[in-house]
Amino acid sequence: MSNLKAIIFDVDGTLADTERLGHRVAFNQAFADAGLDWNWNEELYGELLTVTGGKERIKFFINKYLDDFKLANPDKYIADIHASKTRHYVELVNSGKLPLRQGAASLIKSALKNDIKVAIATTTTWENVETLLKSQLGAGSLDWFSVIAAGDIVEHKKPAPDIYLYALNKLGLEAENCIALEDSRNGLLSSIGAGLKTVVTTNGYTKNENLSEAELVVNKIGTEAKPFKIASGYNYGQSYVNLTLRPLHNSPSKYGQMLKLPAS
Ligand code: XBP
Ligand code: MG
């Protein structure tokens, strides 16, 4: 009997591929609304993504690229732009342009059917999570998640472990009874920092990152009909991320000892 009690999902890049055509576009729309000539193209955004949190990302951009851009009240100015960006992002999500990634909905439903809790640990805002879940899984889907840990609910964002520690605390579960699904190095460092074994589903921005601490790295959650491609780790003979997470969860972590393949 597996002692897997919950799967904790990251959102951006994991549940949906939201960065390139979602958040990045919304940031640029907010900059234009503010009369700024800032344009985060796909390449620059890939660099800025190393900073998690939209407000923190704007501040990093100003400090790194705009020496003479002085603000009387930078935090308020940035917060106002970020609120505008969130409005644009919510519109983009509601337009249906940012569907869930292949296999995400099935994995969530399969976990619930097997009495395994699902939770969220994300750096983005609660509003963005709520909009994505409602638009992609239906109005009642928010209630499927035992915990939605998002954005500024914690002081230190990923790669700090805070958001996952918060989620585990609210779940009332130990890390050893859970698995995390992530997409990026920042997210992976956060989840393993909270003691969670982690499966990483990469995307265009993260596929070349160092993800060596993950138990399994694949290019998507996938489905039986549309299997994933394995980058590293063990798939336990499975072609998509499903509740085979159990053996991965039961096996000793890669840290300190190799994963033991189940007796064939
Ligand atoms: C990824 C992030 C977020 C988004 C932008 O979150 O770092 O900051 O890029 O969203 P996740 P906000 O932990 O889900 O991968 O502008 O709302 O921060
Ligand atoms: Mg992510």
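Residues numbered from 1 in each chain as written. Chains lettered and ligands numbered in written order. Predicted model: local features only at pLDDT ≥ 70, side-chain atom pairs only at ≥ 80, totals over all residues. Heavy atoms only, no water.

Draft legend 1. A look at the pairing of strand E3 (residues 145–150). For E3, the tally of buried residues reaches 5 of 6 residues, placing the bulk of the element in the interior. Two strands pair when backbone bridges link them, and strand E2 (residues 117–122) and E3 are joined in this way by 5 bridges, in the parallel orientation. Its bridge partner being in E3, valine 118 is matched across the sheet by phenylalanine 145. (Buried < 20%, exposed > 50% of the residue type's maximum accessible area, 1.4 Å probe, protein only. Helix = DSSP H or I, 4+ residues; strand = E, 2+ residues; numbered from the N terminus. Pairing = 2+ DSSP bridges.)

Draft legend 2. Focus on the packing of helix H1 (residues 19–33) against helix H4 (residues 74–94). Interaxial distance between H1 and H4 falls to 8 Å at its minimum, and their mutual angle equals 130 degrees. Considering their axes alone, H1 and H4 lie oblique with respect to each other. Crossing geometry of H1 relative to H4 is assigned as right-handed. Each of Leu21, Gly22, His23, Val25, Ala26, Phe27, Gln29, Ala30, Phe31 and Asp33 in H1 lies in contact with H4, whose residues at this interface are Ile81, His82, Ser84, Lys85, His88, Tyr89 and Leu92. Per-class residue counts for the contact of H1 with H4 are 9 nonpolar, 6 polar and 2 charged. (Axes fitted to C-alpha atoms, helices over the stretch in contact; angles between N-to-C directions. Parallel < 35°, antiparallel > 145°, perpendicular 65-115°, else oblique. Left-handed = near helix turned anticlockwise from the far one by under 90°. Contact = heavy atoms within 4.5 Å. Nonpolar A, V, L, I, M, F, W, Y, C, P; charged D, E, K, R; others polar.)

Draft legend 3. Spotlight on the domain arrangement of the chain. For the chain, the assigned domains are domain 1 (6–17 + 100–250) and domain 2 (19–94). A separation of 25 Å is found between the C-alpha centroids of domain 1 and domain 2. Taken together, the contact pairs 16 residues of domain 1 with 20 residues of domain 2. Summed over both sides, the interface between domain 1 and domain 2 buries roughly 1500 Å², with carbon and sulfur atoms accounting for 52% of that surface. In this assembly, domain 1 and domain 2 are joined by 2 salt bridges. The partner of lysine 157 in a salt bridge is glutamate 56, with the nearest N and O atoms 3.0 Å apart. Along the contact surface separating domain 1 from domain 2 lie 6 residue pairs in polar contact (both at pLDDT 80 or more). For the side of domain 1 that touches domain 2, the leading source of residues is helix H6 (residues 126–137), giving 5 residues. Residues that form the side of domain 1 that touches domain 2 fall into these classes: 2 nonpolar, 8 polar and 6 charged. (Domains from an automatic or database assignment. Buried area = accessible area lost by both parts, 1.4 Å probe. Salt bridge = Lys/Arg side-chain N within 4 Å of Asp/Glu carboxyl O. Polar contact = N/O pair within 3.5 Å; in protein donor to acceptor, adjacent residues only side chain to side chain.)

Draft legend 4. Inspection of helix H5 (residues 104–113) at higher detail. Among all positions in H5, only Ala104, Leu107, Ile108 and Ala111 are buried. Mapping the buried residues of H5 onto a view down its axis gives an arc of 100 degrees, with all of them on the same face. Positioned one or two residues after H5, aspartate 115 has a phi angle of 55 degrees, which is positive. (Arc of directions from axis to C-beta.)

Draft legend 5. Region of the structure containing the site of ligand 1. Contacts to ligand 1 come from 19 residues, most closely from Glu19, Gly54, His82, Thr122 and Thr124. Contact between ligand 1 and histidine 82: an oxygen atom at 2.7 Å from a side-chain N or O atom of the residue. Contact between ligand 1 and threonine 122: an oxygen atom at 2.6 Å from a side-chain N or O atom of the residue. Here ligand 1 has 450 Å² of accessible area as a free molecule, and 96% of this is covered by the chains. The element contributing the most residues to the shell around ligand 1 is H1, with 3 residues. Each of two domains, domain 1 (6–17 + 100–250) and domain 2 (19–94), supplies a minimum of three residues to the shell around ligand 1. (Near = heavy atom within 4 Å. Areas by Shrake-Rupley, 256 points an atom, 1.4 Å probe, with all protein chains shown as cover.)

Draft legend 6. Focus on the packing of aromatic side chains. Summed over all chains, the structure comprises 12 aromatic pairs. Seen from their ring centres, phenylalanine 27 and tryptophan 40 are 4.8 Å apart, and the 45 degrees between their planes marks the pair as tilted. With a gap of 13 residues between them, phenylalanine 27 in helix H1 and tryptophan 40 in the loop between H1 and helix H2 (42–48) connect regions that are remote in the sequence. Each member of the pair, phenylalanine 27 together with tryptophan 40, is buried. Look at phenylalanine 61 and tyrosine 65: their rings are 5.7 Å apart centre to centre, the planes differ by 40 degrees, and that puts the pair in the tilted class. On the criterion of helical spacing, the pair formed by phenylalanine 61 and tyrosine 65 is a turn pair, its members being 4 residues apart in helix H3 (residues 54–65). Put simply, the rings of Phe27, Phe31, Trp38, Trp40, Tyr45, Phe61, Tyr65, Phe69, Tyr77 and Tyr205 pair up and form one aromatic cluster. Just above the ring of tyrosine 205 sits the side chain of arginine 20; from NZ or CZ to the centre is 4.2 Å. (Phe/Tyr/Trp six-rings, centres within 6.5 Å; stacked < 30°, edge-to-face > 60°. Lys NZ or Arg CZ within 6 Å of the ring centre and 35° of its normal.)

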